[in-house]
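Report on the structure
If you want the building blocks of each chain, they are given just below.
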Amino acid sequence: MLLMGVAGFAAAEPARPMIVSLDYCADQFVLALADREQILALSKDAERQFSYLRDKAAGIPKVRAAAEDVVALNPDIVMRSWGGDARALALYQRFGIRTVQIGYADDVEGTGDLLREVASAIGQTARAEAILSAAPKPAAPSGRKAVYVTPGGVSAGKGTMIESIMTYAGLENANSGTGWTSLPLESLVMEPPGLLLAAFFGFDDDATDRWSVSRHPVMQRLMAQAQVIDMDEARVSCGGWFVAEEAADIAAALETSR
């Protein structure tokens, strides 16, 4: 009798929604939170180098973000960060397909709120809490400053997620600009940074451009003289909960270099 009761209770549980993800940022949330059988399809970029959970995406169907391809899969939910045509959202609604729009976090702490919101939408709240409970905690301030560098000369100033990652790792941002800026080569020459956080040097197209800042003699000299920590580009290409792991690895690298 007890067994029948348990079986009846399980059968009464609401079915979890079937999901299609439209871009690789949305893919990360779906891969981390959804049961594999919930995932009808991921974006075409789900297994690219800049996709953090690319290994988990193997074997799962991929779909173009075109509305007709998505509708043909008959999902319950379309998950998107920026992918697809926003004009298609009304079409999905007419077909009874719910769209979950993933927002943007301004800092490391805010990524946890995004994870919880997505988890609530797909019936996986407990899984989000388990992920967040295992997340690294902020490192103590190290008293060191760092500059974020990319091959094309883009750097991160105040108010960026990169700066928040620095703070979480116990660092101070040496770039006094606001938002995304060009590398301030002149000021870096006057006050050479002791620490550089380098990203996208492995596969950014700018890395092979003869005019890129990374090839500038001054930049090459600065990088040769400073401690350089290579960041995991897949952790910083989307504002997900995994940026805390990137900060923890930076803090660990600082400890190792002492």
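My aim in this report is to walk through the structure given alongside it, one point at a time. Keep in mind that what you see is a predicted model, and the values were worked out from it rather than measured.

1. Side note on the overall build of the protein
Helix and strand counts for the protein stand at 11 helices and 11 strands. Residue burial in the protein is summarised as follows: out of 258 residues, 47% are buried. In the protein, the share of contacts with a sequence separation of at least 24, taken over all contacts with a separation of at least 6, comes to 63%.

2. Observations concerning the sheet that holds strand S10 (residues 195-198)
One open sheet accounts for 4 strands, arranged S8-S6-S10-S11; its pairing is parallel. Two strands in the sheet have a free side with no partner beyond their single neighbour: strand S8 (171-173) and strand S11 (227-230). If you compare each strand with its neighbour and ignore which way they point, the axes differ by 35° on average. Those strands touched by helix H11 (residues 243-256) are strand S6 (144-149), S8, S10 and S11, and its axis lies near 145° from that of S11.

3. Quick look at a negative patch on the surface
Among the surface-exposed residues, Asp106, Asp107, Glu109, Asp113 and Glu117 lie close enough to one another that they form a single negatively charged patch. Structurally, Glu117 can be placed in helix H5 (residues 108-121).

4. Let's talk about the sheet that holds strand S2 (residues 39-43)
Strand order in this open sheet of 5 strands is S3-S2-S1-S4-S5, and the pairing throughout is parallel. Strand pairing shows two members of the sheet lacking a second neighbour, strand S3 (62-63) and strand S5 (98-101), which therefore form its edges. Where strand S1 (residues 19-21) and strand S4 (residues 77-80) come together, 3 bridges link them in parallel fashion. Within S4, the residue paired with Ile19 across the bridge is Ile77. In this fold helix H2 (residues 24-33) packs onto S1, S2 and S4, with an angle of close to 145° to the strand it touches most, S2.

Rules of the game
- Residues numbered from 1 in each chain as written.
- Predicted model: local features only at pLDDT ≥ 70, side-chain atom pairs only at ≥ 80, totals over all residues.
- Heavy atoms only, no water.
- Helix = DSSP H or I, 4+ residues; strand = E, 2+ residues; numbered from the N terminus.
- Buried < 20%, exposed > 50% of the residue type's maximum accessible area, 1.4 Å probe, protein only.
- Contact = heavy atoms within 4.5 Å.
- Pairing = 2+ DSSP bridges.
- Axes fitted to C-alpha atoms, helices over the stretch in contact; angles between N-to-C directions.
- Patch = residues over 30% accessible without salt bridge, like charges linked within 9 Å, V, L, I, M, F, W, Y side chains within 5 Å.
- Areas by Shrake-Rupley, 256 points an atom, 1.4 Å probe, with all protein chains shown as cover.
- Salt bridge = Lys/Arg side-chain N within 4 Å of Asp/Glu carboxyl O.
- Lys, Arg positive; Asp, Glu negative; His and termini not counted.
- Charge placed at Lys NZ, Arg CZ, Asp CG, Glu CD.

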